[in-house]
Amino acid sequence: MIKIEIKEGENIERALKRYKRKHRNVQIMQNLRESRYFTKPSVKRRREIQKAEYIQGLRDAENI
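To keep things clear, this report deals only with the structure shown in the data block. Nothing here was measured: the structure is a model prediction, and the numbers come from that model.

Rules and cut-offs
Residues numbered from 1 in each chain as written. Predicted model: local features only at pLDDT ≥ 70, side-chain atom pairs only at ≥ 80, totals over all residues. Heavy atoms only, no water. Helix = DSSP H or I, 4+ residues; strand = E, 2+ residues; numbered from the N terminus. Rg over C-alpha atoms; globule rule 2.2 N^0.38 Å. Patch = residues over 30% accessible without salt bridge, like charges linked within 9 Å, V, L, I, M, F, W, Y side chains within 5 Å. Areas by Shrake-Rupley, 256 points an atom, 1.4 Å probe, with all protein chains shown as cover. Salt bridge = Lys/Arg side-chain N within 4 Å of Asp/Glu carboxyl O.

Further remarks concern the overall build of the chain. Looking only at helices and strands, one finds three helices and zero strands in the chain. Ordered by position in the sequence, the α and β elements of the chain form the string α-α-α. The globule rule puts the C-alpha radius of gyration for 64 residues at 11 Å, and the 18 Å found for the chain is more than 25% above it. With the C-alpha coordinates aligned to their principal axes, the bounding extent of the chain is approximately 50 × 40 × 10 Å.

Time to look at a nonpolar patch on the surface. On the surface, Val 26, Ile 28, Met 29 and Leu 32 cluster together into a nonpolar patch covering about 330 Å² of accessible area. No other element matches the three residues that helix H2 (residues 28–34) contributes to the nonpolar patch.

Rendered as C-alpha cells:
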C-alpha cells in the first residue's frame, strides 16, 4: 500500500502529484496487467531482448 504523508501547509495538488509519481514508480498497474495472463518464460525473454535491441538502436541513432 502506498502512503503519502501530507506535510504542514502542503498543497493538496502537490501531494497528489507525489502520489501519482510513487504509483507510477512502483508499477502496480503494470504488474496487475502482466499477471492477468500466463506468459511463457521464453516469450518473456524474447520480448526483453527485442526491447533492448530497440533501445540500443535508438541510442546508436542518437549518437550518429
